[in-house]
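Given next are the chains, with one letter for each unit.
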Amino acid sequence: MKKSTVTVTEQLCLSLLHKCKTLKTVKQIHAFTCKTGLDTDRLVVGKLLLHCAVSISDALDYARRIFLHFPDPDVFMYNTIIRGLTESDTPLSSLAAFVEMRRRIWTAPPDSFSFAFLLKGAANYGSLRAGVQLHCHAMRHGLDTHLFVGTTLVSMYAECGCVGSARKVFEEMSEPNVVAWNAVVTACFRCADVEGAEEMFDRMPIRNLTSWNVMLAGYTKAGELELAKKAFLEMPVKDDVSWSSMITGFAQNGCFDEAFGFFRELQWVGIRPNEVSLTGVLSACAQAGAFEFGKILHGFLEKAGFLWMISVNNALMDTYSKCGNVGMARLIFKRMPKSKSIVSWTTMIAGVAMHGNGEEAIQLFNDMEESGIRPDGITFISILYACSHAGLIEQGCKYFSKMIDVYGIEPVIEHYGCMVDLYGRAGKLHKAYDFVCQMRISPTAIIWRTLLGACSIHGNVELAEQVKERLSELEPSDSGDHVLLSNIYAIAGKWKDVATVRRSMTDQNIKKNPGWSMIEVDKIMYTFVAGENQNEITEEAYDKLREIISKLRVEGGYVPEIGSVLHDIEEEEKEDSVSRHSEKLAVAFGMARLCEGRIIRIVKNLRVCRDCHSVMKLISRVYRLEILVRDRSRFHSFRDGSCSCRDYW
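Because the structure is a prediction, the values reported are computed rather than measured.

Asks: I keep staring at the packing of helix α19 (residues 310-322) against helix α20 (residues 326-335) and nothing clicks. Help me out?
Replies: Angle between the axes and distance between the axes: these two values describe a pair of packed helices. Their axes nearest at 7 Å, the elements α19 and α20 cross at an angle of 160°. Here α19 lies roughly antiparallel to α20, going by the angle between them. Judged by the sense of rotation from one axis to the other, the crossing of α19 with α20 is left-handed. From α19, N313, L316, M317, Y320 and S321 reach across to α20, where they touch V326, M328, A329, I332 and F333. Taken together, the residues of the contact of α19 with α20 sort by class into eight nonpolar, two polar and no charged.

The structure is reproduced here in structure tokens:
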């Protein structure tokens, strides 16, 4: 009778675990097992451990407590804890659990699951040394050629950058299945060996849908978009992952029109978009500044019932923020259906930050803390960025200290870069320089480049030369650094030094990265590149721009700012040089094509120059237009002759 009661209780406990979704419920079930004497039952405790360590995101520590109190854990229980640790922030801690397992239950050897989970931990951490040691242990136990272990070994070596070792392990497998073949193709792509991936793909005796999707993902990540298109067309069957790979892959490579095209085609063939394809196409809208297409997507998401997904809401917020409509981003944030995640808060903070609303970003950060959400390193990057672009030096320093002292987050390059930018924008160049010299980690080229940009803004030639020397040691061939130094010399009137820098660029065959600007007109993205050959579109833009400049001279008193243009050309040529900047052409094209009263939205890859900034302000006043320009670092909202950045950019 007693035995029957225990069996029923076991079944009840397992049934409750199956439905369990939160740590709170897990604790209640665990209390129930203790009360009914099931806390020593291997089946129940094993399932409880598995649920805590794998299924519930914040329950790993609780799983470890349950594990420590179990008197005689078996290999399954150890494997469960190892599996949970490999997926945690400290994947190498799984090795300690493995060592303890070998010490406590040496009579029961580790199985294929033990090594597969451990190797995944080594891969997640990128520890080749640990991976090789585990490979040796697997060989000792005769498991290195086991299909499951062998496949994980291939992936581990790939994650550690050893494609040769990955392929060697694969070739030693007696009968690799399609999963192993897919793993070795992925390994080749992971190590940038596109030819090797193609060779292994061609050798595959059997291909499944995943095999083709691996090729699509690999080609797009390698920037081989034509090869991706070819593979996509050759696929016998396509699923939502195939379409997602093409949409996100083309978006990440800056081919936004193609990404939008794939999304339209996906709808046309009748496949319901998945979470990845939706966030991918929204990301494309965000990067391209495709506001109109983004609005259509928003309507589709609402109609199709996708707005319950937190990730889709986050992507939609990001899209509106980066398209210049931070008001809509706020509305989505306010109406989010579930509890806001750390990503939701960080996205909103970053959104208001790029519009220069530092005080609002700080208020959001405070609200987030009050809601019980713990900020992470990315959140602090966003709040430091907000302080930098709003000139809030004291607050920025406070958050940097708070990150370290209160939250125990070790600063990375991005945090240091924000602090250098904070001091640099405010003109505290020597303080920025001292900060760089006192960093806990070696400053990278990005750090020095940030300081060089600040020297350019404030015209500090002497410090700029020192910084450029450091940059030359790290990245001597970067065109942007040479151009910045050349401009600093030009503004200071040091034309001989300008000529020296330009001659150095010519001698080293260093090409200047061309500036480009994009504008969306009738849901089509148009790109203008400085100095490109003329066509019908650019001719239309130039004709309109000449008309605009003429009117600005008469009605706005426009005088071109040509201080940084080479001194050895005529004044007329200097003016023509600055008039050809891509953002001017994009605005002119927008004014020619868009209806009166529409906001003109521009995305630019570089920092907007002083002359273009002045022109935008004048256009907004003379033509009574609103212009939104998103440059490399922030938004500029031009209205009634002034800019939202208050000339602080």
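Asks: Help me out: how do you make sense of the UniProt feature "repeat: PPR" (unreviewed entry) in the chain in this one?
Replies: The UniProt record marks residues 177-211, 239-273 and 341-375 with the feature "repeat: PPR" (unreviewed entry), using the residue numbering of this structure. Across residues 177-211 one finds 74% helix and 0% strand; the C-alpha atoms that close the span lie 12 Å apart. Across residues 341-375, helical content stands at 74% and strand content at 0%; the span's end C-alpha atoms are separated by 10 Å.

Asks: Honestly, the pairing of strand β5 (residues 635-639) in this entry has me stumped. Any pointers?
Replies: The side chains of a regular strand alternate, first on one face of the sheet and then on the other. For β5, the tally of buried residues reaches four of five residues, placing the bulk of the element in the interior. Connecting the antiparallel pair strand β4 (residues 627-630) and β5 is a turn made up of four residues. Alignment of β5 against strand β6 (residues 642-643), held across two bridges, turns out to be antiparallel. Opposite F638, over in β6, you have C643 as the bridge partner. Two successive antiparallel strands, β5 and β6, enclose a turn made up of two residues, where D640 displays a positive phi of approximately 55°.

Asks: So what exactly am I meant to see when it comes to the packing of helix α2 (residues 23-36) against helix α3 (residues 42-55) here?
Replies: One can describe the packing of α2 onto α3 by two numbers: an axis separation of 11 Å at closest approach and a directional angle of 165°. What the angle tells us is that α2 and α3 run roughly antiparallel. Between α2 and α3 the crossing geometry is left-handed. Here V26, I29, H30 and T33 of α2 lie close against α3, whose contacting residues are V44, L48, H51 and C52.

Asks: I would appreciate a short explanation of the packing of aromatic side chains in the present structure.
Replies: Any pair of aromatic rings gets described here by the distance separating the centres and the angle formed by the planes. Applying the stated criterion across every chain, the model contains 25 aromatic pairs. Between F365 and Y399, the ring centres sit 5.0 Å apart and the planes meet at 70°, which makes this aromatic pair edge-to-face. Highlighted residues: F365 in helix α22 (residues 358-370) and Y399 in helix α24 (residues 393-405), separated in sequence by 34 residues. F365 sits in the buried class, given a relative accessible area of 0%. Taken together, a centroid distance of 5.8 Å and an interplanar angle of 70° make the contact between F400 and F435 edge-to-face. Of the two residues, F400 sits in helix α24 while F435 sits in helix α26 (residues 429-437), which places them 35 residues apart along the sequence. Each member of the pair, F400 as well as F435, carries the same accessibility label: buried. Among the aromatic residues, those joined into a cluster by ring pairs are F232, W243, F250 and F262. We note K340 situated over the ring of F333; from NZ or CZ to the ring centre the distance is 5.0 Å. Cation over ring: K398 sits above Y399, and NZ or CZ is 4.8 Å from the ring centre.

Asks: How should the pattern of salt bridges be read in this particular structure?
Replies: It is possible for side chains bearing opposite charge to pair when their charged atoms get close. Enumeration according to the criterion identifies 27 salt bridges in this entry. Across the pair E87 and K120 runs a salt bridge whose closest N-O atoms are separated by 2.7 Å. In this pair, E87 is assigned in the loop between α5 (75-86) and α6 (93-104) and K120 in helix α7 (residues 112-125), connecting sequence segments 33 residues apart. The class of E87 is partly exposed, set by a relative accessible area of 49%. A salt bridge links K584 to D611; the shortest N-O distance between them is 2.7 Å. You can see K584 sitting in helix α33 (residues 582-593) and its partner D611 sitting in helix α34 (residues 610-622), a full 27 residues away along the chain. Each member of the pair, K584 as well as D611, is classed as buried.

Asks: Help me understand the pairing of strand β2 (residues 524-529), please; the structure alone is not making it clear to me.
Replies: With six bridges joining them, strand β1 (residues 516-521) and β2 adopt antiparallel strand pairing. By the bridge assignment for β2, S517 is matched with F528. Between β1 and β2, which follow one another and run antiparallel, lie two residues, and D522 among them has a positive phi close to 50°.

Parameters and conventions
- What you see as residue numbers is a count from 1 along each chain, following the sequence as written.
- In keeping with the model being predicted, local features are shown solely for residues with a pLDDT of at least 70 and side-chain atom pairs are shown and tallied solely at 80 or more, while totals for entire chains, interfaces and linings include all residues.
- Note that water and hydrogens are dropped before the side-chain values are worked out from all heavy atoms of the structure.
- To get an axis, a line is fitted to the C-alpha atoms, and for a helix only the part in contact is used. The angle between two axes follows their N-to-C directions and goes from 0 to 180 degrees.
- Counting from the N terminus, the helices are the DSSP runs of H or I reaching at least four residues and the strands are the DSSP runs of E reaching at least two.
- Note on terminology: angles under 35 degrees are roughly parallel, angles over 145 are roughly antiparallel, angles of 65 to 115 are roughly perpendicular, and the others are oblique.
- Should the near helix be turned anticlockwise from the far one by less than a right angle, the crossing is termed left-handed; should it be turned clockwise, right-handed.
- By definition in these notes, contact holds between two residues if any of their heavy atoms fall within 4.5 Å.
- Nonpolar residues are Ala, Val, Leu, Ile, Met, Phe, Trp, Tyr, Cys and Pro. Charged residues are Asp, Glu, Lys and Arg, and all others, Gly as well, are polar.
- UniProt positions are given in the numbering used here, feature names are shortened, and annotations may be inferred rather than shown by experiment.
- Relative accessibility under 20% of the residue-type maximum defines a buried residue, over 50% an exposed one, and the middle range a partly exposed one, all with a 1.4 Å probe and only protein chains included.
- Each pair of strands is called paired provided DSSP finds at least two bridges between the two strands.
- Classification of ring pairs rests on two measures: the distance between centres of Phe, Tyr or Trp rings, Trp counted by its six-membered ring, which must be within 6.5 Å, and the angle between planes, read as stacked under 30 degrees, edge-to-face over 60 and tilted in between.
- Either the NZ atom of lysine or the CZ atom of arginine qualifies as a charge over a ring when it sits within 6 Å of the ring centre and within 35 degrees of the ring normal.
- Any carboxyl oxygen of Asp or Glu that lies within 4 Å of a side-chain nitrogen of Lys or Arg is treated as forming a salt bridge with it.

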